[in-house]
Amino acid sequence: MSRGIQAVKGMNDVLPAQIGAWQQLERVFGELLLRYGYDEIRVPIVEHTELFKRSLGEHTDVVSKEMYSFTDTGGEQLTLRPEATAGIVRAIISNGLLRGARLKLWTSGPMFRHEAPQRGRYRQFNQFSIEAVGFAGPDVDIELIALTARLWRQLGITRVRLLLNSLGSSAARAQYKAVLQDYFRQHEAALDEDSRRRLNGNPLRILDSKNPAMQALIAGAPVLTDSLDEESRQHFAQLCSALDALGIAYELNPRLVRGLDYYSRTVFEWVTDALGAQDAICSGGRYDGLIEQLAGDATPGIGFALGVERVVELMNQVGALPAAPAAAVYLIASGARAELAAHKLAETLRDALPAVPVQLNLGAGNFKAQFRRADRSGACLALILGDAELDRGVVGVKPLRREAGQSECPLAELPARLPKLLEEESWKTT
Ligand code: HAM
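Residues numbered from 1 in each chain as written. Predicted model: local features only at pLDDT ≥ 70, side-chain atom pairs only at ≥ 80, totals over all residues. Heavy atoms only, no water.

**What to know about the side chain of Ser 55**
Checked against the element boundaries, Ser 55 lands in helix H2 (residues 49-56). One polar contact links the side chain of Ser 55 to the main-chain carbonyl oxygen of Leu 51, over a distance of 2.6 Å. (Helix = DSSP H or I, 4+ residues; strand = E, 2+ residues; numbered from the N terminus. Polar contact = N/O pair within 3.5 Å; in protein donor to acceptor, adjacent residues only side chain to side chain.)

Next up, the structure:
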């Protein structure tokens, strides 16, 4: 027997039984983004490989190890996007949206990283990516964090903590990189293999190491907050005091460096203790140098991305999901003329009552089989149309969720009478 084709490792199907939380998140977050004045943008899933090398950084794990890159038949070097910020910034520049403008944008969709799959870490995963461009001051940092705090409240998610750090200006960060390199070089013998690899290109990432054997060395490393430039220090202080004023709790974490090279100044991460090792559910920060680096006019930027799979898992744990909309009517038809009339009746009802889901029996079958399907559909009312009913201009009406006999309703009166009939079955639109 030949084996069926499996899904690609680390890439998941979202089945109908699981989709409720996804749609709830999309609805709640979509509404929130509208209220905060963000506009949706949709950018391609595939970009030139060069874009990610130049923006995320050649030495980052994402670019050096995790990208799905390929040469297309035209010889172009392309990559499935590992994140959305680079593509959005590219779109802003290549569509000429900048010109001193301030932009507040969001997008959502699948991202691709060839990581080792485990709970909460996938090779295709989904993000909401929110980006504000053209705002230099800390007010936008504050508002973005307030937006995420509001999202958790609206979703009923409480087991989250906000980690906060400042990486300083690009210059301060470059200086810190050199200080850190010096420190780790002095202790090179104590570095594990991963850290040794990061030492030259990306020493900040050594601070992120989860290896217990490295923790003492990391704890002794110089911290960036000690060498912050004055402007970054002020920016960060204003952010912190505004969060205090808004009652949004945070933890300062000088080891929070983030895995992509484009960050400067504010970086933040919402983490949870409810998901195991992959604990970051939403992370981001400022990228004040990125637009200039990609050949746009120097413009500050800030954003974050929310990991949809991880937030959905939290939502499922909380369990406060709305019930799936109740199925209402199942239309049973038997006989060639009646089947055709049932199509017309179903369309008439869908025209007249858009809020009432009408399922038409497809694939014929005897009455017994059709009633079984009606029952499984979850509908509360079966409408029955045979050639005999059709000749008399009526339709049979049978409650499916309680003991009750079948009655009849004149076909022409059904659109007007159906709401009342559904009310008697306690059916409600959700
Ligand atoms: P990131 O930290 O690489 O940042 O990813 C953001 C979020 O995506 C993470 O906090 C996590 O929830 C989710 N995530 C990342 N990798 C995976 C994975 N393999 N499986 C499941 N979920 C994952 C960025 O992507 C930046 N573009 C964020 C940003 C926007 N910074 C500024 N603007």
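**Quick word on helix H4 (residues 85-94)**
Along H4, 7 of the 10 residues are buried, which leaves the element largely enclosed by surrounding structure. Where H4 is concerned, the buried positions are Thr 85, Ala 86, Gly 87, Ile 88, Val 89, Ala 91 and Ile 92. On its buried face, H4 sits against strand S2 (46-48), H2, strand S5 (103-112), strand S6 (124-133) and helix H10 (290-293). (Buried < 20%, exposed > 50% of the residue type's maximum accessible area, 1.4 Å probe, protein only. Contact = heavy atoms within 4.5 Å.)

**Thoughts on the pattern of salt bridges**
Pairing between side chains of opposite charge can happen when the charged atoms of each approach one another. Scanning the entire structure with this criterion turns up 23 salt bridges. For the salt bridge of Glu 143 with Lys 104, the shortest nitrogen-to-oxygen distance reads 3.8 Å. Of this pair, Glu 143 sits in helix H5 (residues 139-155) while Lys 104 sits in strand S5, placing them 39 residues apart in sequence. Note on Glu 143: relative accessible area 31%, which makes it partly exposed. Overall, Lys 104 belongs to the partly exposed group, its relative accessible area being 22%. Connected through salt bridges with shared partners, the residues Asp 141, Asp 229, Glu 231, Arg 265, Arg 286 and Asp 288 form a single ionic network. (Salt bridge = Lys/Arg side-chain N within 4 Å of Asp/Glu carboxyl O.)

**A look at unusual backbone geometry**
With a phi angle near 70°, Arg 258 is a residue other than glycine that sits in the positive phi range. Tracing the backbone through its elements, the reader meets Arg 258 in the loop between strand S8 (251-252) and strand S9 (264-272). One non-glycine residue, Ser 426, lies in the positive phi region at around 60°. Relative to the helices and strands, Ser 426 is located in the segment after helix H15 (414-424).

**Considering H5**
Over its 17 residues, H5 extends 25 Å from the first C-alpha to the last, a length consistent with the 24 Å expected when each residue adds 1.5 Å. Burial runs high along H5: 12 of the 17 residues are buried. Buried within H5 we find Val 140, Asp 141, Ile 142, Leu 144, Ile 145, Ala 146, Leu 147, Thr 148, Ala 149, Leu 151, Trp 152 and Leu 155. Gly 156, located one to two residues past H5, shows a positive phi value of around 75°. (Expected span 1.5 Å × (residues − 1).)

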